[in-house]
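This is what each chain is made of:
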Amino acid sequence: MTNYIKIKNHINGQWLDETNGQYEPLKNPSTGAVIGEVPLSSVETSRAAVAAAAEAFPAWSATPLPKRMDYIFKMQQAMKDNLEMLAESIAIDQAKHIAEARGEVGRVIEILQMACTIPALVQGETVQGIANNINGRLIKAPLGVFCGVAPFNFPALVFGWFIPFAIGTGNTFVYKPSTESPLFMQKMMQLLVEIGLPEGVVNIVHGDRETVEAWYEDDNVAGVCLVGSTPTAKAIAEGCGRSGKKTMLLGGAKNFLVAMEDAPMDLMIENILMSGYGSAGQRCLAVSNIVVVPEIYDEFVERLLEASKNVTVGDAMDPDVFMGPVISAKAKERIENYIEIGQQEGATLALDGRNPDVAAANKDGYFVGPTIFTDVTPCMQIAREEIFGPVLSVMKVGCINGALRAIKNHEMGNGAVIFTQNSYYTEKFINEADVGMVGVNVGICAPHPYLPFGGIKGSLVGNNKVQGKDAIDFFTQSKVATVRVVDPKAGEATPAGGNSDVRSCVAS
């Protein structure tokens, strides 16, 4: 039994209740039970969090880089020491299966390893002798306060994408977790306090759209980060664009898996289960559209149905089940509505995941089982829109060119994977798949933390991606210094000389 959880904001080193008294219920999706409450912070509270971060910025940005790295190392160790606690926090309110929650926390620990390389990645450049006794120097400097908005589905991962890179490069941060899965950040903030992170460097504020909109015109905010839907990303881009703030905005997705005639069938089916049904299909790189060539179509559908029927559904804390619930009753209703739409469009509902068998204790939970449509065409709504649930759409195409055409014609461009043992197919797919992330014989094409993560087309608003060197570039600004070295014994520098009729517009 989980004790009643009252989620709090954390501003300038203090745990605070919301002064306006507005809260909404926090539920356990595995049971439907109310387990706590989350504040809907006022605009004033949001601005107070930014003000605290702005006040902390001068001292934090002046903190020597090795000292800042000490905090990142301590953060990583604290996550290692408390992995199970952090994983359980995700499994309770986000209802990701506990095994997957452990994996998510483990990936953040890897991201922190990458963040520990910041000293090597923020090194500037020097160009000697660009003119008479003049050198040029490029410096990477922090900007100030960044704000971030997290989705419900990866409360730990998005923390890892934003905060370590932002504060490691000398910025301060205001973080808004999802109101549907705030518990991880409560636990993580406790750990940040325990490692001695200075007050105001990281602040947490909970709330809805108004909380974020308060940042747009705040002069103390240098930039805003988001992982979420494309419409939300566009709204933030518009709001931040008016005041010239930087943005890192990852949007929606509709990912493809291509099955060629030589695909390793056992490996592919296993990966589809992990990709399509892991996190109940609620992740930006979950496979959704499966494109199969005629040579293996019938065998593939038979094998996928057989394997999917054996997927167990139940409480996220139950080690004997494979897939937990979706996040909310509203999400369950939306997914079931898409199932109805698929039937109306003429697709064949080969496996219906509505009303799966679950334990009596979970009868009020938000469960949707594995669902498979066959005879799907690319123009159908279920093939074009992001369902964000354990629903797979299987299409038949004549060859790899047909698969690549379907990917190119889709407005989203997050990820696509191919299963094949043919090097020609492999290289053609890598080069021509019109997405930001490509995979070969993997179900989830999530890049390693040393590489950038993000899509293209409608899946990315702007150009900035998370992780790796891209994150360093986003959270810093380039400053260029032009320095003339003067010999103090010689006095003033010798004039450049040359043609007096031509005067340079740059230092010479």
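That block above? That's the structure.
Residues numbered from 1 in each chain as written. Predicted model: local features only at pLDDT ≥ 70, side-chain atom pairs only at ≥ 80, totals over all residues. Heavy atoms only, no water.

*Asks:* Please explain the packing of aromatic side chains as it appears in this structure.
*Replies:* Describing an aromatic ring pair means giving the distance of the ring centres and the angle of the ring planes. All chains considered together, the criterion is met by ten aromatic pairs. Pairing Tyr424 with Tyr425 gives two aromatic rings, centres 6.1 Å apart and planes at 50°, and the pair type is tilted. With a relative accessible area of 52%, Tyr424 lands in the exposed category. Looking at Tyr425, the relative accessible area reads 15%, which means it is buried. Relative to Phe475, the ring of Phe474 lies with its centre 4.9 Å away and its plane at 75°, an arrangement referred to as edge-to-face. (Phe/Tyr/Trp six-rings, centres within 6.5 Å; stacked < 30°, edge-to-face > 60°. Buried < 20%, exposed > 50% of the residue type's maximum accessible area, 1.4 Å probe, protein only.)

*Asks:* Would you explain the pattern of salt bridges in this entry?
*Replies:* Two side chains carrying opposite charge are able to pair once their charged atoms lie near each other. Within this structure, the stated rule accounts for 14 salt bridges. A salt bridge links Lys332 to Glu336, with the nearest nitrogen and oxygen atoms 3.0 Å apart. With Lys332 and Glu336 both in helix H12 (residues 329-345) and four residues apart, this pair spans about one turn of that helix. Classification of Lys332 as buried rests on a relative accessible area of 19%. On the accessibility criterion, Glu336 (17% relative accessible area) is buried. Among the salt bridges present, the one from Lys457 reaches Asp434, with a minimum N-O distance of 3.3 Å. (Salt bridge = Lys/Arg side-chain N within 4 Å of Asp/Glu carboxyl O. Helix = DSSP H or I, 4+ residues; strand = E, 2+ residues; numbered from the N terminus.)

*Asks:* Got a minute to help me understand the state of the cysteines in this structure?
*Replies:* Each disulfide consists of one covalent bond between the sulfur atoms belonging to two cysteines. Tallied over the full model, the rule gives zero disulfides. Just so you know, Cys240 is unpaired, no disulfide at all, and the nearest cysteine sulfur is the one on Cys147, 8.5 Å from it. You can call Cys240 buried: its relative accessible area is 0%. No disulfide involves Cys379; its sulfur sits 18 Å from that of Cys399, the nearest cysteine. (Disulfide = S-S within 2.5 Å.)

*Asks:* Before we go on, may I ask you to explain the packing of helix H4 (residues 98-115) against helix H6 (residues 155-168) in this structure?
*Replies:* At their nearest, the axes of H4 and H6 sit 8 Å apart, and the two run at 10° to each other. On the basis of their axis angle, the class for H4 and H6 is roughly parallel. Residue-level inspection shows Glu104, Arg107, Val108, Ile111, Leu112, Met114 and Ala115 of H4 in contact with H6, the latter providing Pro155, Ala156, Leu157, Phe159, Gly160, Trp161, Pro164 and Phe165. Partitioning the contact of H4 with H6 into residue classes produces twelve nonpolar, one polar and two charged. (Axes fitted to C-alpha atoms, helices over the stretch in contact; angles between N-to-C directions. Parallel < 35°, antiparallel > 145°, perpendicular 65-115°, else oblique. Contact = heavy atoms within 4.5 Å. Nonpolar A, V, L, I, M, F, W, Y, C, P; charged D, E, K, R; others polar.)

*Asks:* What is the right way to read the nonpolar core from this model?
*Replies:* Nonpolar side chains in soluble globular proteins tend to be buried together. By size, the foremost hydrophobic cluster in this structure holds 134 residues, and its most contacted members are Phe162 and Phe300. Setting aside its immediate chain neighbours within four residues, Phe162 contacts Gly148, Val149, Phe173, Tyr175, Cys225, Leu226, Val227, Met248, Val466 and Phe475. (Core = buried A, V, L, I, M, F, W, Y, C linked by side-chain atoms within 4.5 Å.)

*Asks:* Is there a simple way to explain the sheet that holds strand E1 (residues 5-6) in this structure?
*Replies:* The strands making up a sheet associate through backbone hydrogen bonding, with each pair oriented either parallel or antiparallel. Taking strand neighbours across the sheet as the criterion, the three strands line up as E1-E5-E4 in an open arrangement whose pairing is mixed. The strands lining the two open edges of the sheet, one partner per strand, are E1 and strand E4 (23-28). (Pairing = 2+ DSSP bridges.)

*Asks:* Even after reading the chapter, I still don't get the sheet that holds strand E7 (residues 134-141), so can you show me in this structure?
*Replies:* Strand order in this open sheet of three strands is E6-E7-E23, and the pairing throughout is antiparallel. Two strands lie at the open edges of the sheet, namely strand E6 (125-131) and strand E23 (477-484), each paired on one side alone. When the angles between neighbouring strand axes are averaged without regard to direction, this sheet yields 25°.

*Asks:* Looking at this model, I keep getting lost on the packing of helix H14 (residues 400-409) against helix H15 (residues 423-432). Mind explaining?
*Replies:* Each pair of packed helices can be summarised by the angle the axes make with each other and by the distance between the axes. Between H14 and H15, whose axes approach to 11 Å, the crossing angle comes to 20°. Our classification of the angle between H14 and H15 gives roughly parallel. In the crossing of H14 with H15, the sense of the turn from one axis to the other is right-handed. The residues of H15 that touch H14, namely those facing Ile400, Asn401, Leu404 and Ile407, are Tyr425, Lys428, Phe429 and Glu432. Of the residues that constitute the contact of H14 with H15, the class distribution is five nonpolar, one polar and two charged. (Left-handed = near helix turned anticlockwise from the far one by under 90°.)

*Asks:* Would you mind going over unusual backbone geometry with me for this structure?
*Replies:* Most of the time, phi is negative for any residue but glycine, and the peptide bond is trans. At Ala95, a residue that is not glycine, the phi angle is positive and equals roughly 65°. Structurally, Ala95 is set in the loop between helix H3 (83-93) and H4. The backbone of Asn133 sits at a positive phi, close to 55°, despite the residue not being glycine. Its location among the elements puts Asn133 in the loop between E6 and E7.

*Asks:* Mind showing me how you'd approach H15 here?
*Replies:* In an α-helix, one full turn covers 3.6 residues, which means residues spaced three or four apart are oriented alike. By the burial criterion, the buried members of H15 are Tyr425, Thr426, Lys428 and Phe429. At its buried positions, H15 is contacted by strand E13 (255-259), H14, strand E19 (415-419) and strand E20 (437-440). In this structure Asn422 caps H15, since a side-chain oxygen of it lies 2.7 Å from the backbone nitrogen of Tyr424. (Polar contact = N/O pair within 3.5 Å; in protein donor to acceptor, adjacent residues only side chain to side chain.)

*Asks:* Sorry, what's going on with empty space enclosed by the protein here?
*Replies:* Summary: where empty space remains is shown by rolling a probe the size of a single water molecule over the atoms. Applying the stated rule across the entire model yields three cavities of 30 Å³ or more. Estimated volume of the largest cavity: approximately 120 Å³. As for the largest cavity, its lining consists of 14 residues, and the residues nearest its centre are Gly281, Ala286, Ser288, Glu386 and Phe388. Looking at side-chain class alone, the lining of the largest cavity contains seven nonpolar, four polar and three charged residues. (1 Å grid on protein atoms, 1.4 Å probe; cavity = no way out; pocket = protein on both sides within 12 Å on 5 of 7 lines; lining within 4 Å. Points joined across faces, edges and corners; volume = space filled by probe spheres on them.)

*Asks:* Teacher, can you tell me more about the environment of Asn132 here?
*Replies:* If you trace the backbone, Asn132 turns up in the loop between E6 and E7. Between the alpha carbons of Asn132 and Arg484 there is a distance of 7.8 Å; along the sequence they are 352 residues apart.

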